[in-house]
Amino acid sequence: MQKGFNSDVTVRGQKFHVQTEDWGMKNPFLVSRIFCNGAVIKTVKTPYETALKAESIRETEAIKMALRRQHNDIMDILLAGKMP
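> Would you take a moment to explain the overall build of the protein for this structure?
A tally of helices and strands in the protein yields two helices and four strands. Counting helices and strands in the order they occur from the N terminus, the protein gives β-β-β-β-α-α. In terms of C-alpha radius of gyration, the protein reaches 13 Å, essentially the compact-globule figure of 12 Å for 84 residues. Each of the three principal axes of the protein carries a C-alpha extent, and together these read 40 × 20 × 15 Å. Long-range contacts, defined as pairs at least 24 residues apart, comprise 39% of the intrachain contacts of the protein with a sequence gap of at least 6.

> Would you mind showing me how to read the environment of T46 here?
In this fold, T46 is placed in strand β4 (residues 39–47). A C-alpha to C-alpha distance of 8.6 Å links T46 and S32, two positions 14 residues apart in sequence. T46 has contacts with P28, F29, L30, A51 and Q70, leaving out every residue within four places of it along the chain. Of the polar contacts made by the side chain of T46, one reaches the side chain of Q70; its length is 2.7 Å.

> Mind showing me how you'd approach the side chain of D22 here?
Mapping D22 onto the fold places it in strand β2 (residues 14–22). No salt bridge is formed by the buried D22; its nearest oppositely charged neighbour, K64, is found at 10 Å. Side-chain polar atoms of D22 contact the backbone nitrogen of G24, separated by 2.8 Å. Within the local environment of D22, its side chain forms a polar contact with the side chain of Y48, the two groups lying 2.4 Å apart.

> How should I be thinking about the packing of aromatic side chains in this particular structure?
The relative placement of two aromatic rings is captured by the distance of their centres and the angle of their planes. The full count for this structure, using the stated rule, is one aromatic pair. Between W23 and F29 the ring centres are 6.5 Å apart and the planes differ by 75°, which places this aromatic pair in the edge-to-face class. Judged by relative accessible area, W23 falls into the partly exposed class, the value being 25%. Judged by relative accessible area, which is 21%, F29 ranks as partly exposed. Over the ring of F29 we find K45; its NZ or CZ atom is 4.3 Å from the centre of that ring.

Rules of the game
- Residues numbered from 1 in each chain as written.
- Predicted model: local features only at pLDDT ≥ 70, side-chain atom pairs only at ≥ 80, totals over all residues.
- Heavy atoms only, no water.
- Helix = DSSP H or I, 4+ residues; strand = E, 2+ residues; numbered from the N terminus.
- Rg over C-alpha atoms; globule rule 2.2 N^0.38 Å.
- Contact = heavy atoms within 4.5 Å.
- Polar contact = N/O pair within 3.5 Å; in protein donor to acceptor, adjacent residues only side chain to side chain.
- Buried < 20%, exposed > 50% of the residue type's maximum accessible area, 1.4 Å probe, protein only.
- Lys, Arg positive; Asp, Glu negative; His and termini not counted.
- Salt bridge = Lys/Arg side-chain N within 4 Å of Asp/Glu carboxyl O.
- Phe/Tyr/Trp six-rings, centres within 6.5 Å; stacked < 30°, edge-to-face > 60°.
- Lys NZ or Arg CZ within 6 Å of the ring centre and 35° of its normal.

The structure is reproduced here in structure tokens:
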């Protein structure tokens, strides 16, 4: 299981917190949650099977890269003023 990422971003005056985590091999998903005012407003759940297809390196490194990619993609979408 990999450590996750946490970021705070303000878009058009609205504050969001984005949390992305690896649920591990027993529950193989990368999960991102977008919070606003302490409430989850969106959850993005990606199975390892989908997240790791593009990676051809060791599984541990591939999970780290996929976790970071998912978190960064969500941050980019929020900063563009959209909701994933």
